[in-house]
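Spelled out, the chains give:
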Amino acid sequence: MIPPSPSRSVELPTNETELCYLPAVAQWRLIVDRRLSARELLEACLGRIERINPHINAIVTMHAEEAREQARAADDALARGEEPGPLHGLVIAHKDLMATKGMRTTWGSRLFEHFVPAEDAEPAVKMRQAGAIRLGKTNVPEMGAGSHTFNPVFGATRNPYDRTKTAGGSSGGAGAALASGLLSLADGSDMGGSLRNPGSFNNVVGLRAAPGRVSRVPVLNGWSNLSVVGGMGRTVAECALLTGVLAGFGPRDPVSLPGDGSEFIAIAHEEPAASLKGLRVGWSRDLGGLPVDPAVTAVLEAQGRPALEALGAEVRDLEPDLDGAEESFRILRAWEMAQSYGDYYRKDPSLLSENVRNNVSWGIDLTATDIHRALLARTRLHGRMAELFEEIDILATPAVQIPPFPVEWTWPREVAGVPQPDYLGWMRASWYISATVMPAISVPCGFTADGLPVGIQFVGRSLAEAEVLRVSMAFEAANPAWQVRPSFPEDAA
C-alpha cells in the first residue's frame, strides 16, 4: 500500500544536482506519481558519480548497465499499474561487506579481491524486492575493521567536506556517497560505530537498530549480537524508510525479532513533531569521563542542546555508568575476529591488515573464562542502562569524540591530548553504546570552525527505535545542519 503524500508538496527539481540531493522519500513520491522516471533518477546519479566519485572514492564497484535494466523494469511495472514497493526506483549501493549475487564482494581484502558471491545476503534481497535499483558497492576498511575507510584493494575514501580528511568507517563509502548526492540511500553495518561514525563524519544519518531487528543471513555466528545491519540516509526519514524495508523476522537468524518493519516505513512518511514537551533527555558530555575534542563539545553545546530545549524537552546533565563496556566489547570483538579470520592468520599473518592481525592475535589467546567474564560484565551493563531509562527517555551524547582526521593517518593516536592505545580507543563513544545493546542514531548537529561535520548521538531504551527516530526527526527539523552540502568545483560550473 502506498503511504499518503506528505503534507508538503514535492516540487520537481530543475537540475540534476538538486534531483540527486532531494530526500529519498521525495524522490520516491515523484516516481510513483509518474512525474519522474526511475531511469531519469538513475541517469542523474550515474552522471554525478562520474563527476564526483573520483574526488572521494566512495563507490568502488559499478554495474551501470545492470542498474539501467532494473530502472527500465521499474518504469514498465509502474506503467502496467503494478503497486510500487517502498523503495521503488530509488538508487542504492551495497556496502562491500554484504554478499551480492553476481557482483564482487571484496571485504576490502586482497584475499577476496575477485570474489563474486552466488547468492545475495538477505538484506540485499529485501531491498531488491522493495524496488530499489542497485548500481554497485561502497568502500570499506579491510574486513570492516576500524572507523577509517582505506584498504589495499581500492585505497582510501575521502571526506566530501574536506578531501584531506577521512570519511570514517566502516560504512565510510556509504556515508561519503550519500553526502555527495551519489545515491538515494545506502546500507551499512555497525559493530563499534560503523553506521554512526560515518554518519557524524559525513553529515548524514546512521541508525544502529536493536540486534535482531534486521536479519543478517548469511551469518557465521548467529548467536552474536555485537554487529547489526542497518541503513543510512541524508535525513532521518530516509534512514527510517530503509530500516523499515530491512527490518522483519528472519527465521534463519536465531536472534531475529518479530515484526515486518511497517512502523518504520510509516514514520518515514510522517511530519516531524513540532514539540518534544515532556521528553526527558539525559545530556552526557563525555559518557562518564571519555576524552572529547573541545571542537566537538562546542558544536553540541551551541547547536545540539539549545535545539532540544527549544522543542520543549527537559534536558538534564547526566553521565551514564558504562563500567564493563570496555572489557566486554574488547573481549567479544577479539573473540569474533579470531573465529572469523583465525585460519588466515595462522596460515600467513601478512595476508591481513595490522588492525585485523592485532584483534585476531588477542582473540586466539582468550579462554572460556574470559568470554564468560565479558558476558557477565555486559549483562550487568545492560541492567544499569535499563534502570537509567526509567529516569530518562533519551540519552544524548557525542556520536564521535573527534572531528574527521587526516586521511593519511591509520588511526588517531590521541583524543583531546589523551593517548589512545589502538585503533579502537578513539571510538569509545560509539562502541560503549554498542555494548549496551540499546538502539542509537547519529544525526547531523553542526560544523566545527574548520567546517568539519559533527553528529549528535541519541540512545533509546531497548527496542525503542521508533521513539529514537521520532525524536531525531524533531531535532533535525529544529536544527537543519543536514542541509549544508559539501562543495565540489563541478557544482559551481
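Residues numbered from 1 in each chain as written. Predicted model: local features only at pLDDT ≥ 70, side-chain atom pairs only at ≥ 80, totals over all residues. Heavy atoms only, no water.

1. Quick word on the nonpolar core
Logical step 1: Counting residues in each nonpolar core, the largest one holds 103 residues, and the members touching the most others are Leu87, Leu135 and Leu183.
Logical step 2: Listed in part, the 47 residues of the second largest apolar core include Ile331, Val356, Leu381 and Phe405. (Core = buried A, V, L, I, M, F, W, Y, C linked by side-chain atoms within 4.5 Å. Buried < 20%, exposed > 50% of the residue type's maximum accessible area, 1.4 Å probe, protein only.)

2. Quick notes on the pairing of strand β16 (residues 440–447)
Logical step 1: Within β16, 8 of the 8 residues are buried, which leaves it mostly tucked inside the rest of the structure.
Logical step 2: Pairing of strand β9 (residues 205–208) with β16 involves 3 bridges; the strand directions are antiparallel. What sits directly across from Arg208, in β16, is Ala440.
Logical step 3: Pairing between β16 and strand β17 (residues 453–460): 7 bridges, direction antiparallel. Residue pairing across strands places Ala440 opposite Val459, the latter belonging to β17. (Helix = DSSP H or I, 4+ residues; strand = E, 2+ residues; numbered from the N terminus. Pairing = 2+ DSSP bridges.)

3. Re the environment of Val454
Logical step 1: Within the secondary structure layout, Val454 lies in strand β17.
Logical step 2: Taking the relative accessible area as the measure of exposure, Val454 reaches 2% and is therefore buried.
Logical step 3: For Val454 and Pro84, which are 370 residues apart along the polypeptide, the C-alpha to C-alpha distance reads 36 Å.
Logical step 4: The residues contacting Val454, other than those within four sequence positions of it, are Ser200, Val296, Val299, Leu300, Val443, Pro444, Cys445, Gly446 and Thr448. (Contact = heavy atoms within 4.5 Å.)

4. Here's the deal with the layout of surface pockets
Logical step 1: Approximately 1300 Å³ is the volume found for the largest pocket.
Logical step 2: Lining the largest pocket are 47 residues; nearest its centre among them are Leu97, Trp107, Ser227, Ser340 and Tyr341.
Logical step 3: At the level of secondary structure, the elements contributing two or more residues to the lining of the largest pocket comprise β8 (185–190), β10 (228–233) and α11 (325–347).
Logical step 4: Residue contributions to the lining of the largest pocket peak at 8 residues, all from α11.
Logical step 5: Broken down by class, the residue content of the lining of the largest pocket amounts to 27 nonpolar, 14 polar and 6 charged. (1 Å grid on protein atoms, 1.4 Å probe; cavity = no way out; pocket = protein on both sides within 12 Å on 5 of 7 lines; lining within 4 Å. Points joined across faces, edges and corners; volume = space filled by probe spheres on them. Nonpolar A, V, L, I, M, F, W, Y, C, P; charged D, E, K, R; others polar.)

5. Let's talk about the pattern of salt bridges
Logical step 1: The tally for this structure, following the rule as stated, stands at 34 salt bridges.
Logical step 2: Among the salt bridges present, the one from Arg134 reaches Asp120, with a minimum N-O distance of 3.3 Å. Taken together, the residues span a long stretch of sequence, with Arg134 in strand β3 (residues 133–138) and Asp120 in the loop between β2 (91–95) and α5 (122–129) at a distance of 14 residues. With respect to class, Arg134 is no different from Asp120; both count as buried.
Logical step 3: Between Asp190 and Arg196 there is a salt bridge, with the nearest N and O atoms lying 2.9 Å from each other. Exposure class is identical for Asp190 and Arg196. Each is buried.
Logical step 4: Among the charged side chains, a network of salt bridges with common partners joins Arg285, Glu301, Arg305, Glu309 and Asp317. (Salt bridge = Lys/Arg side-chain N within 4 Å of Asp/Glu carboxyl O.)

6. Structural notes on the side chain of Asp96
Logical step 1: For Asp96, the location among the structural elements is in the loop between β2 and α5.
Logical step 2: Judged by relative accessible area, Asp96 falls into the buried class, the value being 0%.
Logical step 3: Within polar-contact distance, the side chain of Asp96 engages the side chain of Lys137 at 3.5 Å.
Logical step 4: What Asp96 contacts, discounting residues up to four positions off in sequence, is Val60, Arg104, Thr105, Thr106, Trp107, Gly108, Lys137, Thr138, Val140 and Phe154. (Polar contact = N/O pair within 3.5 Å; in protein donor to acceptor, adjacent residues only side chain to side chain.)

7. Digging into the pairing of β3
Logical step 1: Counting buried residues in β3 gives 6 out of 6 residues, a clear majority hidden from the surface.
Logical step 2: Alignment of strand β1 (residues 59–62) against β3, held across 3 bridges, turns out to be antiparallel. Looking at the pairing, Ile59 lines up with Thr138 of β3.
Logical step 3: Bridge analysis of β2 against β3 gives 4 bridges, and the strand direction is parallel. Among the inter-strand pairings, His94 is bridged to a residue of β3, identified as Lys137.
Logical step 4: Crossover connection from β2 via α5 to parallel β3: handedness right-handed. (Right-handed = clockwise from strand over helix to strand, strands pointing away.)

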